[in-house]
Amino acid sequence: MVGGSERHELIEDERRRVSEHLQMGTEMMVYQQRAERLTVQVIMESMQVALIRSDDSRIVRLLDIFEFKEVRQWETCKDFQRFNEKLQDSKTCFTIFYGSEFILKSLSLKADSVEDAEKWLTGLELLRQETLAAHTPEIIESWLRKQMYSVDQSKKNSITLKELKSLLPQMNFAVPGGRFLEDRFVDVEAKDYSLDIQQFHKFYNFLIFENQKMVSVQFISFHYLLMLFEAKNLNQIQELMTIFIDDTMRKTNYPVLTVGEFLSFLFSKENSIWNEKFSEICPLDMNNPLSHYWINSSHNTYLTGDQLRSDSSTEAYVRCLRLGCRCIELDCWNGPEEPVIYHGRTMTSKIKFKDVVKAINDHAFATSEYPVVLSIEEHCDIKQQKMMAQMLRDAFQDKLLTEPLEPEADDLPSPNQLKGKIIIKVGKKQIRKAKENRVVEKEGELCIWDPIDKRFYRHDCVISDNKLYYSEEKSFLCRITAEKLLHDFCKGRDGKDGTFLVRESKAFIRNYSISLWTSGRIQHYKIFCSSENGQWSFYLTIKQRFPSMCALIKYYTQNLITYDRLNLRLNGFLPRLNFVPSHQIGWFYSNLSQAEAEDYLLRIPRDGAFLIRQREEPNHFTLSIRVEGDVEHYLIYQNNSKYVLADAYEFGNLEDLVSCFRDKVFYGKTKLRYPVTPQLVDRFCMVREVAKDNPLGDQCKGVVDISKCTVACKAKHARPLVVTLLNRENLKLIEFTCEIVEQVDEWYQVLLNIIQNEQSLGKARRAEMESKTNIAVEMSDMVVYCQSIKKKTFENYNYKEVRSIPDNMVPKEGNESTVEKSDSILEYNRKALTRVYPCSGRVDSSNFDPCPSWRLGCQMVALNFQTADKFMQLNSALFSLNGGTGYVLKPEWMRDPTKKKPAKQTIRIRVMAARHLPSPDHIVSPFVQVELWPYTGGQADDYSFKTTLFKDNGLNPVWLGQMNPPKCFKVDEPDLAFLRFVVFEEDTFSDAKLLAQATFPIRGIRQGYRSVPLKNRFSENLELSSLLVHVQQVEGSSCICKNSRSHGKHSSFCMYTTVPQ
């Protein structure tokens, strides 16, 4: 058997071979403006993919792997069609999607063999991941090589003085006059005015440091350095320091940094202002109802631009889903032959509904495994709606949620429970039927086939209201066994009169017997059960009736039984209603770890799932039970002959413990309902929750909706007649027979009549419903938890409803007349869902401020992802939390009205410098604006400030001195506040033009001297572009700007202070 380390070596060896293959290059068909055969090659030094003409080795095109978003197989069909090529084997084809805007560019390629295509698919994905994980010095190295190769026309791996003069403006740096460059060439010991890569790197180090050396080391101390690195021990600090040392000779066990190297660290992503722990997924936070989350949501997802003339595209859906969007919109209209999606009654282009559904199915869970909501705007007629429903079923299959997880629940399920599910949001209409009294059409005992054990088990069954209800498997205690159990229990223990057990009657459904220990002997009495007007009652004597068995037992434990010369109270319950021989117990595990137990329980999405496992200590056990979506563990230990649970309950054995709490509440409202076996994990989806008022009561195990089934009767499983009920929707089946063959046909005829009658009635109901609501039954039946409601009020709601309102109807803060409405919306959003969308006047696809909606707890605040504005950047910032899953748990005070808002804060910001600002096509003169969002009253200057303009330098500008003082912001709501850094340049008309931005939730900001990694307007990372800022936070609203000296001027840390050579 291959060990773990050997497997790792095999993997690394394969990675190396794939990497070498990509570096050698491969001839492929490349589809651009025209189809041509080129050599495709990876240049590792610059992390680029080159397209090279084979005849003259000329590079036709270079792609940065840094910009790769996805490499997708089988996506070249349209390109083949465009060039009229015949597709021999689609597995040889793949497409690279790359770019830094919403709509990505693509490059389609066709390899000569499947093996070559697989190597490129695997290799490019590995390189893409490596690029994302690369440390800043590695990124700088590849960036420098890209710069050199861009002007190295002779391919001599060097750069001349002339070439450098043309390159520096492209690097956003204005070359000083005089002999500046010549002197630098001398400093780096260049010969013949030519720099190799090592000399070019030294030149870059000098250039980047020269203008920023006034940032200095005055704030550096050993303790401050510890805080910056945030490492737990010195070894971790040494490892991180080693990464930033340029000279390999100084990479020792006792590393030291030069000032330039330390500044490189300060500007690096490793010193980011953002605390990465807030970007991690917290699984425990995903167990709340859906209504407790903000959900990343898109408006008009299909559009690539404005609402009037832009293109509709399936790639817009792919992009949104891969950006973590979990609620997408489909505007559906009648097409010539099938449904289409577009912005109705406009000049936007149309795409096929089935193509969109396929794209969603392929990419829905590529970024996040949590549920996706399809918000359908339905404009199709009934015929095409039926087509839509069938397309959804065909594409999504078991991913499509069509049944509630817990019919009796009074809250929405959690994201964890809905992993991998597609939820349909559309109007749901029903024709209300008059309420009828329950009619029992058939009852008796059936033998139901168990596909796991390959045998029939007996169950009590009732057909009522077109449903088949069946009980737990029956295992009867006969009179003799009951006497033996009571005798063994009471013998030698001075058994108390009144010790008892209750057993089911073997002959009659819902009839029981009670066996009593009295005066050293055992008496048996029948407990009668009857139903009147749908209400069941239990009694020993007809004069004293009880609504349940538990009520009867409880009464006679407190009052004397005066019946047939008895005169005693029940005492010492021996709980063995369903006796199970010990060798058949499935919930007990002799060798199961806590982690394995939790895994078993969490895979069954039902409270009340339980198991008992043996602990390592002798005579110690653990009861593990799922409660409120989490797993709780309780100690059981054996004391003499008793089993003690949580130092509160004593039982004669573990079976008694389980039997007791299957009828009695164990924790909160939870009983031991589902004994967890490995088979149950696979079978659980077949067991359906049933209403509490079902005809079998607490004994009911499951229910089958007969109206959704087909029925057949034939010989099977070595029985002459077996009835098969097959659910047409989920293809689950149940098979049963009877001990008396003649009775099988009776049950079959009852089922057949129900199905035939329901089919006749169903057609009439569908026609009536569709004519009144213009909604196809097939579409309406898919709606479970997101029923679109047109009401604009927030009273009298059901938790399964979704209110949809335009942004201009959301109450704004500060308007006293809307306070009451705001409170009602916040209360509604604790239980049900709200979708907020842009009002109809936003034809340019502009976005609205989502913060007022988020503050009211609105979950699905739908924005135009294709529009790169401030509000979309705020959305990207919020949903960077929790691992980019698209679900962010709302603050506790929003979920629970008894909780208070967190304390206010004050944050102090100072912008100091920048590096590698983006260069449009000229050298920029940048300034930085910092703002706290949202504004919560007061003047705009209280929430925003700007630095001065730095002329003609986007490579390494600095903002220090009295003209650029720090600024204090008061943060009223830290849970919903954002800090924005925006870099502008002034154009020729003195208008501000955005160059880069970075937006962060305040809750994840780190203090100290920090790097701000910058993004473009679409919130895509910019290579090496960053700000250096100082951040200080305190609770309360007092200003901390007066104490601007946060660190001393003395350095006690070992570092060079010379300019790096």
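Residues numbered from 1 in each chain as written. Predicted model: local features only at pLDDT ≥ 70, side-chain atom pairs only at ≥ 80, totals over all residues. Heavy atoms only, no water.

**Student:** In this structure, what is going on with the overall build of the protein? I would like to understand it.
**Tutor:** Regarding its fold elements, the protein presents 24 helices and 48 strands. Relative to its full complement of 1061 residues, the protein shows a buried share of 51%. Of the contacts formed within the protein by residues at least 6 apart in sequence, a portion of 62% connects residues at least 24 apart. For the protein, the exposed surface amounts to about 51,300 Å²; the carbon and sulfur share of it is 48%. (Helix = DSSP H or I, 4+ residues; strand = E, 2+ residues; numbered from the N terminus. Buried < 20%, exposed > 50% of the residue type's maximum accessible area, 1.4 Å probe, protein only. Contact = heavy atoms within 4.5 Å. Areas by Shrake-Rupley, 256 points an atom, 1.4 Å probe, with all protein chains shown as cover.)

**Student:** Mind showing me how you'd approach the nonpolar core here?
**Tutor:** Note that soluble globular proteins tend to have their nonpolar side chains buried in a common cluster. The biggest cluster of nonpolar side chains holds 97 residues, and the ones touching the most others in it are Leu330, Ile360, Leu374, Ile376, Leu392, Ile424 and Phe981. Core analysis: the second largest hydrophobic core is formed by 27 residues, Val151, Leu161, Leu167 and Phe180 among them. (Core = buried A, V, L, I, M, F, W, Y, C linked by side-chain atoms within 4.5 Å.)

**Student:** What is the right way to look at the sheet that holds strand S4 (residues 59-64) in this model?
**Tutor:** Across a sheet, strands are paired by hydrogen bonds formed along the backbone, either parallel or antiparallel in direction. With antiparallel pairing, the 7 strands of this open sheet are ordered in space as S4-S3-S2-S1-S7-S6-S5. Looking at which strands have only one partner, the edges of the open sheet turn out to be S4 and strand S5 (68-73). Strand-to-strand twist of the sheet, defined as the mean angle between neighbouring strand axes without regard to direction, takes the value 30°. Relative to strand S6 (residues 93-98), S5 runs antiparallel, the two sharing 5 bridges. The partner of glutamate 70 across the bridge, within S6, is phenylalanine 97. On top of the sheet, helix H11 (residues 314-322) reaches S5 and S6; it is set at about 120° to S5, its chief contact. (Pairing = 2+ DSSP bridges. Axes fitted to C-alpha atoms, helices over the stretch in contact; angles between N-to-C directions.)

**Student:** Is there a simple way to explain the confidence of the model for the protein in this structure?
**Tutor:** One rule of thumb: low pLDDT means the predicted coordinates there are not for detailed reading. On average, residues of the protein carry a pLDDT of 84, and 85% of them reach 70 or more. The low-confidence segment residues 575-584 (pLDDT under 50) makes 18 contacts with residues lying over four places distant or belonging to another chain. Contacts for the low-pLDDT stretch residues 1043-1061, under 50 throughout, to residues beyond four places or in other chains number 40 contacts. (pLDDT = per-residue confidence, 0-100.)

**Student:** I tried to follow the pattern of salt bridges on my own but got confused; where do I start?
**Tutor:** Note that side chains of opposite charge can pair when their charged atoms are close. Inspection of the entire model under this criterion finds 41 salt bridges. Close ionic contact of lysine 69 with glutamate 1020 constitutes a salt bridge, the shortest N to O distance being 3.5 Å. Of the two residues, lysine 69 is situated in strand S5 and glutamate 1020 in the loop between strand S46 (1008-1015) and strand S47 (1021-1035); the sequence distance between them amounts to 951 residues. Given the relative accessible area of 23%, lysine 69 is considered partly exposed. Residue arginine 322 pairs with glutamate 70 through a salt bridge whose shortest N-O separation is 3.1 Å. Here arginine 322 is found in helix H11, whereas its partner glutamate 70 is found in strand S5, with 252 residues between them in sequence. Ionic contacts of the salt-bridge type, sharing partners, join the residues Asp13, Glu14, Arg16, Arg17 and Glu20 into one network. (Salt bridge = Lys/Arg side-chain N within 4 Å of Asp/Glu carboxyl O.)

**Student:** So what exactly am I meant to see when it comes to the environment of methionine 347 here?
**Tutor:** Among the secondary structure elements, methionine 347 is positioned in the loop between strand S13 (340-341) and strand S14 (351-352). Counting along the chain gives 38 residues from methionine 347 to arginine 309, while the straight-line C-alpha distance between them is 4.8 Å. In this structure methionine 347 touches Leu308 and Arg309, once residues within four positions along its chain are discounted.

**Student:** Looking at this structure, I do not really get the packing of aromatic side chains. What am I missing?
**Tutor:** Any two aromatic rings considered together are summarised by their centre-to-centre distance and by the angle between their planes. In total, this model carries 36 aromatic pairs according to the counting rule given. Here the aromatic rings of phenylalanine 244 and phenylalanine 265 are separated by 5.5 Å at their centres, their planes lie at 85°, and the arrangement is edge-to-face. Of the two residues, phenylalanine 244 is situated in the loop between helix H9 (234-243) and strand S10 (257-258) and phenylalanine 265 in helix H10 (residues 259-266); the sequence distance between them amounts to 21 residues. For phenylalanine 265, a relative accessible area of 1% puts it in the buried group. With 6.0 Å between their ring centres and 50° between their planes, tryptophan 274 and phenylalanine 278 make a pair best called tilted. Overall, the relative accessible area of 25% leaves phenylalanine 278 in the partly exposed class. Each member of the aromatic cluster is reached from another via a ring pair, and the members are Tyr634, Tyr649, Phe651, Phe661 and Phe666. (Phe/Tyr/Trp six-rings, centres within 6.5 Å; stacked < 30°, edge-to-face > 60°.)

**Student:** Teacher, can you tell me more about the environment of methionine 779 here?
**Tutor:** As for its position among the elements, methionine 779 is in helix H20 (residues 777-780). We classify methionine 779 as buried; its relative accessible area is 0%. A C-alpha to C-alpha distance of 9.8 Å links methionine 779 and glutamate 378, two positions 401 residues apart in sequence.

**Student:** Is there a simple way to explain the side chain of serine 108 in this structure?
**Tutor:** One can find serine 108 in strand S7 (residues 105-110). Here the side chain of serine 108 touches threonine 95 through a polar contact of 3.2 Å, side chain to side chain. (Polar contact = N/O pair within 3.5 Å; in protein donor to acceptor, adjacent residues only side chain to side chain.)

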